[in-house]
Structure formats: C-alpha cells, structure tokens
Amino acid sequence: MNTLILALGNPLRGDDGIGAAVLEALPNLPPDVTLLDGGTPGLDLVLRLQRHDRVIILDAADMGESPGVWRCLTPESVRGLDPQLRGNLHAAGLAEALTLGEALGILPPEILILGIQPAAIDWSPGLSPAVARVIPEVCEAVLRLLRPTG
C-alpha cells in the first residue's frame, strides 16, 4: 500500500510546527511510505494527496482539549474543528481542501488525520513542553497505523 505521511503547519508559529516535529522523529520507514512536510498549503493540498492509497496527516488542531492531547480524526470530523483547519475568507484550510478533493473524486481511499491540541500558535518558533512531550506517542501511533492488518 502506497502511503503518504504529510505534515502540515509552520514551525515558526509555536505548536503549529508539531506536524514537522513528528515527521522528523519518525524512524526509518518502509519504502512504500513517503514523508512530506507540506507546510501551510491552501487548496493545492488536494493535489499532494493524489496517487496515494492512504494518507496520514499530522497537524495541530484546536479541539478544545488540554495541550498535547491528540486524536485520530477522519475528514468528516475535521469540519467541526478550529478555523486553522477550516480556513477563512483569505485562505482555504484542510477541511476545504478535502471537500474539494471529494467533489473532484481524487481523494485517496483512506485518509487519517492525527490532530494534536496546541498550547499556543503564535509567532515564536519551538513547541510548548506539553506538545513536545507527545511526539514519541504520536510517532508510535503512526507506526501502528502503518502495520498491516489481518
């Protein structure tokens, strides 16, 4: 199975860099797994998802939880989350890109989003201690998702 692990976010904006931090901490992975730091894309995100059987997205997500809490989300569940994921009048977010991909019929069969609750998304580089502490746990979750089932 061809899998893309896609980190979203900006490491210069505090906990928004959690996706890239997890991506960097992942150990050597099988050759059918592609790692990509996607930064802060708009609707063009949907083009990066094409031609993959499965996509695992790593991103900060305001879920109203304590900093560092993470959840495995589906594209459907992202629609009710924070404006960073939903976008605004000036920029499309993850939810809009997934909706566009669905409308165009180009989404991969399986998309999972590992959303990590940030403590702060501001203009300072580096993760908060609460978010940095969950990097090993989120890496283990990614590895579990990559294991064959059955």
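What you are looking at is a predicted structure, and each value in this text was computed from that prediction instead of being measured. (Residues numbered from 1 in each chain as written. Predicted model: local features only at pLDDT ≥ 70, side-chain atom pairs only at ≥ 80, totals over all residues. Heavy atoms only, no water.)

(A) The overall build of the protein, seen in detail. What the protein contains, in helices and strands, is seven helices and five strands. Counting from the amino terminus, the protein carries its helices and strands in the arrangement β-α-β-α-β-β-α-α-α-β-α-α. Here the protein has a C-alpha radius of gyration of 14 Å; the compact-globule value for 150 residues is 15 Å, and the two agree. Sorting the 150 residues of the protein into buried and exposed places 46% on the buried side. In the protein, the proportion of contacts linking residues at least 24 apart, taken out of those at least 6 apart, comes to 76%. When the accessible area of the protein is evaluated, it comes to approximately 7,500 Å², of which 56% is carbon and sulfur surface. For the protein, the distance from the average site of its 10 positive side-chain charges to the average site of its 18 negative ones is 2 Å. (Helix = DSSP H or I, 4+ residues; strand = E, 2+ residues; numbered from the N terminus. Rg over C-alpha atoms; globule rule 2.2 N^0.38 Å. Buried < 20%, exposed > 50% of the residue type's maximum accessible area, 1.4 Å probe, protein only. Contact = heavy atoms within 4.5 Å. Areas by Shrake-Rupley, 256 points an atom, 1.4 Å probe, with all protein chains shown as cover. Lys, Arg positive; Asp, Glu negative; His and termini not counted. Charge placed at Lys NZ, Arg CZ, Asp CG, Glu CD.)

(B) The arrangement of the nonpolar core in detail. Among the nonpolar cores identified, the biggest contains 22 residues, and Ile5, Leu58, Leu114 and Val138 are the most heavily contacted of them. At the level of secondary structure, the elements contributing two or more residues to this core comprise β1 (3-8), α1 (18-25), β3 (54-60), β5 (110-116) and α7 (135-146). In terms of residues, this core owes the most to one element, α7, which gives six residues. Sequence-distant contacts of Ile5, defined by excluding residues within four places in its chain, comprise Leu23, Leu26, Leu29, Val33, Thr34, Leu35, Leu36, Ile56, Leu58, Val142 and Leu146. Counting residues in hydrophobic clusters, the runner-up holds 17 residues, among them Leu8, Ile57, Ala61 and Leu73. (Core = buried A, V, L, I, M, F, W, Y, C linked by side-chain atoms within 4.5 Å.)

(C) Up close: the sheet that holds β3. Strand order in the open sheet formed by five strands is β2-β1-β3-β5-β4, and the pairing between neighbours is mixed. With one partner strand each, in any of the chains shown, β2 (33-39) and β4 (70-73) form the two edges of the open sheet. On average, adjacent strands in this sheet sit at an angle of 15° to one another, irrespective of strand direction. Here β1 pairs with β2 via six bridges, running parallel. (Pairing = 2+ DSSP bridges. Axes fitted to C-alpha atoms, helices over the stretch in contact; angles between N-to-C directions.)

(D) Structural context of the pattern of salt bridges. Scanning the model with the defined rule gives three salt bridges in all. Among the salt bridges present, the one from Glu65 reaches Arg71, with a minimum N-O distance of 3.3 Å. Residue classification places Glu65 among the partly exposed residues on the basis of a relative accessible area of 33%. Residue Glu140 is joined to Arg147 by a salt bridge in which the shortest nitrogen-to-oxygen separation is 3.0 Å. (Salt bridge = Lys/Arg side-chain N within 4 Å of Asp/Glu carboxyl O.)

(E) Inspection of the environment of Pro136 at higher detail. Position of Pro136 among the secondary structure elements: in helix α7. A residue is classified by how much of its surface remains accessible, and Pro136, at 56% relative accessible area, is exposed.

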